[in-house]
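Single-letter residue listing:
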Amino acid sequence: MAELVKCENVSKFYGKKEALSSLTLNLESGKIIGLLGPNGSGKTTLIKLLCGLLTPTNGQLSVCGLSIGAETKAMVSYLPERSYIPEWMKVSDILDYFQDFYADFRRGLAEDMFSRLNIDLGQKVKTLSKGNKEKVQLVLVMSRNAKLYLLDEPIAGVDPAARDYILDTIISNYNPEASVVISTHLITDIERIIDDVVMLQYGHLKIHGSADAIRAEKGMSIDELFREVYRC
Amino acid sequence: MLTKLIKHEMLHWVRTFSIFYIIYAIVAVITKILITVEMSYGDNVEEHIFTTILLAIFGFVMMLFSIMMPWISLAHNSNRFKKNMFSDEGYLTNTLPVTPAEHIGAKLIMGGISYVCTCLLIFVCILLLIAGVDQEYIEMNFVFDELQDFTMQNFGEMMLGFLLSVSVFVGILLLCYLAEGLAAINGGKKAIASGVAILGVVLAMIISSAIATVLRANGVEYDSNARVIAQIIFYLVADVGMFFLISYILKNKLNLE
């Protein structure tokens, strides 16, 4: 498997607070990776560093051997945990936007998913419900033929039916040669789909390995392991 | 990518400002009609008192629009930069495969286009107002008198003045961007941003007067064109410096928490 993401001694401070501490981590392509940890463990910080929204205090990060910049952003498809689409835009406007900026954007696929979700392309983003806004963002992100998908808490705060829809959308639309990093603390829902596990605690790497190997070695599910590792 | 960014900036600008421009043009046309009607009445004040009041109102609205529109355009551009780069929308903007210089460049170019279009519209509307108006009527009204003087100025001087105003406009925009950028990397501390903006303006004024003093000491006191050219060069150098500083902040210090 080719090395897709490389973090070398990456640290990130917010003021005096350390969010990531000398993190060294390599992620391979062709995997669905569960980025797990409780709140404040550094999951979102790591994702933001990889998509260029944050700059590391120390250390080096690369995607496909390139330092984070415009070239890596063309290969990374990022789903933040908040709504980022300008409210004044129509759904068709945001499709035009993605089509203009991302060479790997598959507009037909996105339109097809919107049609199945009964989302009108002429509808303004501000008139969409919270759930539909999240689905629009997910469709946009998964309609890209990216090399790395970074999904920050994609299933947090949604009902179980929506969770199933989101996870099915991820599995059926991602580029199999790419990697998908899913950050969450809802392990039960994603356990069935993840190949690798990265567990963070207080900004440190706690566990990293194949999900199957970890289950075999520890004799428990990832969910059970999570509860044991992060027991209060 | 720069052209694509400009395209989307332009779409947003047209969507936001077209209504202002249409209203301004309509107000100019109505004012022109009122001027024509009032001129046709001659000295019979009682007959055209209503037209005079209407003309005063529309003239005031037009003057207000003429003064405010370039500033509204500047405030809108600066606010859009802040919103696009440092608010939730930044999660979309800053993950585009675009360099920080392209982001700033696109917004500056659009700010420049918006400023030039606004000035052109104001100029065309003013020309429309004074076209065919009696010299006597213009002289009675100091505003129109000033306007006519302005249009009669030497073309070269006018262009220099225009270039100076564009370089100042771009400088103010960049100063706003810089203040927003510094506020963002300092956890949104507005005091720092305001301090930088005030310091920037004060510094620009000091250096500008220093240039004027140096030129005066070198015997170019009465060559106003030389002074304007020196000011344009000064503002352009300051603009380039600020451009690279903002690019550096976006590239190396961006922290969208």
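All values derive from a computational prediction rather than experimental measurement. (Residues numbered from 1 in each chain as written. Chains lettered and ligands numbered in written order. Predicted model: local features only at pLDDT ≥ 70, side-chain atom pairs only at ≥ 80, totals over all residues. Heavy atoms only, no water.)

1. Quick notes on helix α1 (residues 43-50) of chain A
Residue and element names in this part refer to chain A. For the record, the criterion: For each residue, the accessible area found with a 1.4 Å probe, counting protein chains only, is set against the maximum for its type, and the residue is called buried under 20%, exposed over 50%, and partly exposed in between. Note on conventions: DSSP H or I runs of at least 4 residues are helices, E runs of at least 2 residues are strands, and numbering of each starts at the N terminus.
Most of α1 is tucked away, with 7 of its 8 residues classed as buried. If you check which residues of α1 are buried, you get Lys43, Thr45, Leu46, Ile47, Lys48, Leu49 and Leu50. Phi turns positive, to about 85°, at glycine 52, one or two residues after α1.

2. Examining the sheet that holds strand β1 (residues 3-14) of chain A
Residues and elements named next belong to chain A. Counted only if it meets this: Here, any two strands with at least 2 DSSP bridges between them count as paired.
Read from one edge to the other, the open sheet built from 4 strands follows the order β2-β1-β4-β5, with strand pairing classed as antiparallel. Only two strands of the sheet have a single partner each, and these edge strands are β2 (17-28) and β5 (66-67). Summarising the sheet, β1 and strand β4 (residues 58-63) pair through 5 bridges and their orientation is antiparallel. Bridge pairing in β4 links valine 5 to valine 63.

3. Here we look at the packing of helix α1 (residues 2-41) of chain B against helix α4 (residues 100-130) of chain B
Residues and elements named next belong to chain B. Put simply, the test is: Helix axes use the C-alpha atoms of the stretch in contact, all axes being lines fitted to C-alpha atoms, and the angles between their N-to-C directions lie in the range 0 to 180 degrees. Our angle categories are set so that under 35 degrees counts as roughly parallel, over 145 as roughly antiparallel, 65 to 115 as roughly perpendicular, and the remainder as oblique. Left-handed describes a crossing whose near helix is turned anticlockwise from the far helix through less than a right angle; right-handed describes the clockwise counterpart. Following the grouping adopted for this structure description, the nonpolar residues are Ala, Val, Leu, Ile, Met, Phe, Trp, Tyr, Cys and Pro, the charged ones are Asp, Glu, Lys and Arg, and the polar ones are all others, Gly among them.
It is the contact of α1 with α4, at a shortest axis distance of 10 Å, that shows an interaxial angle of 15°. Judged on the interaxial angle alone, α4 and α1 are roughly parallel. As α1 packs across α4, the resulting crossing turns out to be right-handed. A per-class count over the contact of α1 with α4 returns 21 nonpolar, 5 polar and 4 charged.

4. Brief notes about the pairing of β4(A)
Residue and element names in this part refer to chain A. Across 2 bridges, the pairing between β4 and β5 is antiparallel. Looking at β5, one finds that valine 63 is bridged to leucine 66. Where β4 folds back onto β5 in an antiparallel hairpin, the turn is made up of 2 residues, including cysteine 64, whose phi is positive at roughly 55°.

5. Examining the interface of chain A and chain B
Selection criterion: We call two residues in contact whenever any of their non-hydrogen atoms come within 4.5 Å of each other. Here the quantity called buried area is the total loss of accessible area, with a 1.4 Å probe, experienced by two parts when brought into contact, counted for both. Salt bridge, as applied in this entry: a Lys or Arg side-chain nitrogen positioned within 4 Å of an Asp or Glu carboxyl oxygen. Whenever a nitrogen or oxygen atom comes within 3.5 Å of another N or O atom, the pair is scored as a polar contact, on the condition that within protein one atom can donate a hydrogen and the other can accept it, and that pairs from neighbouring residues in sequence are kept only if both atoms are in side chains.
Across the contact, 26 residues belong to chain A and 26 residues belong to chain B. A buried area of about 2500 Å², summed over both sides, lies between chain A and chain B, and 61% of it is on carbon and sulfur atoms. Three residues, A:Leu53, A:Trp88 and A:Phe101, lead the burial of chain A against chain B; their summed loss comes to 27% of the area buried on that side. Joining chain A to chain B, the criterion identifies 3 salt bridges. One salt bridge in this structure joins A:Asp100 and B:Lys7, with 2.7 Å as the shortest N-O distance. Across the contact surface, chain A and chain B share 9 residue pairs in polar contact (both at pLDDT 80 or more). Of all elements in the fold, only β1, α2 (70-73) and α3 (91-101) of chain A reach the threshold of two or more residues within the side of chain A that touches chain B.

6. Notes on the pattern of salt bridges
Applying the stated criterion across every chain, the model contains 18 salt bridges over all chains. Between B:Glu9 and B:Lys107 there is a salt bridge, with the nearest N and O atoms lying 2.4 Å from each other. Residue B:Glu9 is located in helix α1, and its partner B:Lys107 is located in helix α4; the two are separated by 98 residues in the primary sequence. Given a relative accessible area of 9%, B:Glu9 falls into the buried group. Under the relative-accessibility criterion, B:Lys107 is labelled buried at 3%. Through salt bridges that share partners, A:Glu28, A:Lys31 and A:Asp196 make up one connected network.

7. Considerations on the confidence of the model for chain B
The predicted coordinates of low-pLDDT regions are not to be read in fine detail. Quick note on the threshold: A residue's pLDDT is the confidence the predictor assigns to it, expressed on a 0 to 100 scale.
In this model, chain B carries an average pLDDT of 79, and 82% of its residues clear a pLDDT of 70 or more. Of all secondary-structure elements in chain B, the lowest mean pLDDT belongs to helix α6 (residues 142-151) of chain B, at 55, while helix α3 (residues 90-93) of chain B reaches the highest, 90.

8. A short note on the pairing of β2(A)
Consecutive side chains of a regular strand alternate in pointing toward one face of the sheet and then the other. Residues and elements named next belong to chain A. Two elements, β1 and β2, share 8 bridges in a ladder whose sense is antiparallel. Opposite lysine 12, over in β2, you have leucine 20 as the bridge partner. Counted between consecutive antiparallel strands, the loop separating β1 from β2 contains 2 residues, among which glycine 15 sits at a positive phi close to 70°.

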